[in-house]
Amino acid sequence: MKIIDRLNENKIHISFEIFPPKTDAGYEKVRKAAEEIAGLRPEFISVTYGAGGGTSKNTAKIASYIKHDLHVESLAHLTCASSTKEEVHQVIENLKELGIENILALRGDIPQNTVFPSEDRYHYAYELVEEIRKSGDFCIGAACYPEGHVENEHKEDDIKYLKQKVDSGVDFLTTQMFFDNDIHYNFLYRIREAGITVPVLPGIMPITSARQMKRSCELSGTVFPRRFQAILDRFGDSPEAMEQAGIAYATDQIIDLLANGVKNIHIYSMNKPEVAAAIMRNISEIIKC
């Protein structure tokens, strides 16, 4: 089933994310995490496209397992900066053969020691969206950045490029992580004013360790509110306390979003079913309202 059909329903949808193993040896551990997260009955589970932007043959394999064996809809990520146009086309055809109907189209990180841009690679995510749209009857998601893309100096340019991407055939958007909900609400106002009307899933990242916080900041350039920084300063040296505080903070964000009419929420639970389960327990009655 196409994810956009579910997002258009007038009900609350919660989804999660996992990432494939760096090696084949780690596949079983990821498969087990996917199984436990699927047991929470999310609307869908997204599967990232390798570590650090690299390609991953396991993305399609795990996405297929989630869809056909765990009976939860899957969303396969696909990046284009790390692959040639021919390689991208082969991945799309493989996803089609596996019955995967949903793809998250991303430019991805530019690999080190790679000439980019080059003629044999897509330069922008909108070009990948166009290729996917031509290649089959897929539901296409894309990323958006409430605090602005780290490569764009002006937010106005960021929204202009986002509209170009959406107009190329995007069905829904998922935001980069943010830790202040007002940033998300302001972003929604600005993109709606710009004529971007597709569903937008806020992406919530439960920060459960100081190391994870540092890594998230490096990757996304996100701003951590003073309230969250205080949590890190107080509990960062205690893994158990930091995990509990991070789950509580993410839960608070989700409750606020739901209270303000947001229906679709994506949680960057990664390969931590215990974190996903804790959040679902915290909102178990709320999502029934």
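Everything here concerns the structure above.
Heads up: these notes are all about the structure in this document. (Residues numbered from 1 in each chain as written. Predicted model: local features only at pLDDT ≥ 70, side-chain atom pairs only at ≥ 80, totals over all residues. Heavy atoms only, no water.)

Concerning a negative patch on the surface
Our working rule: Candidate patch residues must exceed 30% relative accessible area and have no salt bridge, after which like charges are joined if within 9 Å and Val, Leu, Ile, Met, Phe, Trp or Tyr side chains if within 5 Å. Every accessible area reported is derived by Shrake-Rupley at a probe size of 1.4 Å, with residue values counting cover from the shown protein chains alone. When a carboxyl oxygen of Asp or Glu lies within 4 Å of a side-chain nitrogen of Lys or Arg, that pair is called a salt bridge. Only four residue types enter the tally: Lys and Arg on the positive side, Asp and Glu on the negative side; His and the chain ends are excluded. Every charge is mapped to an atom, namely NZ of Lys, CZ of Arg, CG of Asp or CD of Glu. Strands are runs of DSSP state E lasting at least 2 residues, helices are runs of H or I lasting at least 4, and numbering of each runs from the N terminus.
Where like charges cluster on the molecular surface, the negative patch consists of Glu36, Glu240, Glu243 and Glu274. Looking at where glutamate 243 falls in the secondary structure, it is placed in helix 10 (residues 239-259).

Some points on the sheet that holds strand 8 (residues 203-204)
The line we're drawing: At least two DSSP bridges between two strands are needed for those strands to be called paired. Pairs of residues are marked as contacts when any of their non-hydrogen atoms sit within 4.5 Å. To obtain an axis, a line is fitted to C-alpha atoms, over the contacting stretch when the element is a helix, and the angle between two such axes runs from 0 to 180 degrees between their N-to-C directions.
Pairing is parallel in the open sheet, where 9 strands are placed in the order 7-6-5-4-3-2-1-9-8. Edge positions in the sheet fall to strand 7 (200-201) and strand 8, since each of these pairs with one other strand and no more. Contacting strand 1 (13-18) and strand 2 (44-47), helix 2 (residues 27-38) runs over the sheet at an angle of about 170° to strand 1.

Remarks on the packing of aromatic side chains
Note the following rule: Between rings of Phe, Tyr and Trp, where Trp is taken as its six-membered ring, a pair exists when centres lie within 6.5 Å; planes separated by under 30 degrees are stacked, by over 60 edge-to-face, and by other angles tilted. Think of it in three bands: with a 1.4 Å probe and only protein chains considered, a residue is buried below 20% of the maximum accessible area for its type, exposed above 50%, and partly exposed in between. Criterion for a charge above a ring: Arg CZ or Lys NZ at most 6 Å from the ring centre, at most 35 degrees from the ring normal.
For the structure on display, the rule yields 5 aromatic pairs. Arranged with centres 6.0 Å apart and planes meeting at 15°, the rings of tyrosine 124 and tyrosine 126 form a pair that is stacked. Relative to phenylalanine 228, the ring of phenylalanine 224 has its centre 5.6 Å away and its plane inclined at 25°; by these criteria the two rings are stacked. Looking at phenylalanine 224, the relative accessible area reads 14%, which means it is buried. Given a relative accessible area of 1%, phenylalanine 228 falls into the buried group. Taken together, the ring pairs in this structure connect Phe179, Phe224, Phe228 and Tyr249 into an aromatic cluster. Positioned above the aromatic ring of tyrosine 27 is the side chain of lysine 61, whose terminal nitrogen or guanidinium carbon lies 4.1 Å from the ring centre.

Some thoughts on the pairing of strand 4 (residues 102-106)
Threshold: Call a crossover right-handed when, viewed with both strands pointing away from you, the route from the first strand across the helix to the second goes clockwise.
Counting buried positions over the 5 residues of strand 4 gives 5, a clear majority of the element. Burial along strand 4 is two-sided: the residues Asn102, Leu104 and Leu106 and Ile103 and Ala105 are all buried. Bridge analysis of strand 3 (residues 73-79) against strand 4 gives 4 bridges, and the strand direction is parallel. Residue leucine 78 lies in a different strand from strand 4, and its bridge partner there is alanine 105. What joins strand 3 to strand 4 is helix 4 (residues 85-97), and the crossover it makes is right-handed. Examined bridge by bridge, strand 4 and strand 5 (residues 139-144) share 4 bridges and lie parallel to one another. The residue of strand 5 that forms the bridge with alanine 105 is alanine 142.

A few points about helix 5 (residues 125-135)
Where we set the bar: What the arc covers is the set of directions going from the helix axis to the C-beta atoms.
Turning to helix 5, its buried residues are Ala125, Leu128, Val129, Glu131, Ile132 and Ser135. Buried residues along helix 5 cover an arc of 165° about the axis, so they all sit on one side.

Remarks on the pattern of salt bridges
Scanning the model with the defined rule gives 15 salt bridges in all. Across the pair glutamate 101 and lysine 2 runs a salt bridge, and its minimum N-O distance is 3.8 Å. Placement of the pair is glutamate 101 in the loop between helix 4 and strand 4 and lysine 2 in the segment before helix 1 (3-7), with a sequence separation of 99 residues. If you follow the salt bridges from partner to partner, you end up with Lys2, Lys67, Glu73, Glu101 and Asp137 in one network.

Focus: the nonpolar core
The condition that has to hold: For our purposes a nonpolar core is just a set of buried Ala, Val, Leu, Ile, Met, Phe, Trp, Tyr and Cys residues, chained together by side-chain atoms within 4.5 Å.
Counting 63 residues, the largest nonpolar core has Ile18, Ile66, Ile132, Leu173 and Ile265 as its most contacted members. Discounting chain neighbours no more than four positions away, the residues touching leucine 173 are Ala142, Ala143, Cys144, Leu162, Val166, Ile196, Val198, Pro199, Val200 and Leu201.

Notes on helix 7 (residues 181-193)
Here is the rule: Here, expected helix span is obtained from the residue count minus one, scaled by 1.5 Å. Here a polar contact is taken to be a pair of N or O atoms separated by no more than 3.5 Å, where protein atoms must pair a possible hydrogen donor with a possible acceptor and residues adjacent in sequence count only if both atoms sit in side chains.
The terminal C-alpha atoms of helix 7 lie 19 Å apart, and with 13 residues this matches the ideal 18 Å at 1.5 Å per residue to within 8%. All buried positions along helix 7 are accounted for by Asn181, His184, Phe187, Leu188 and Ile191. Looking down the long axis of helix 7, one finds its buried residues gathered within 115° of arc, a one-sided arrangement. Within helix 7, the exposed residues directed more than 90 degrees away from the buried face are Tyr189 and Glu193. By the N-cap criterion, in which a side-chain oxygen at the helix start approaches the backbone nitrogen of a residue two or three places on, helix 7 is capped by aspartate 180, the distance to aspartate 182 being 3.0 Å. Looking one or two residues past helix 7, glycine 195 carries a phi angle of roughly 90°, positive in sign.

Describing the packing of helix 10 against helix 11 (residues 273-282)
Short version of the rule: Here roughly perpendicular refers to angles of 65 to 115 degrees, roughly parallel to angles under 35, roughly antiparallel to angles over 145, and oblique to all remaining angles. Working rule for handedness: look at the near helix, and if it is turned counterclockwise from the far one by less than a right angle, call the crossing left-handed; if clockwise, right-handed.
The interhelical angle for the contact between helix 10 and helix 11, taken along N-to-C directions, is 50°, at an axis separation of 10 Å. With respect to helix 11, the element helix 10 is oriented oblique. When you trace helix 10 past helix 11, the crossing you get is right-handed. Between helix 10 and helix 11, the contacting residues are Glu243, Ile247, Ala250, Thr251 and Ile254 on the first element and Glu274, Val275, Ala278, Ile279 and Asn282 on the second.

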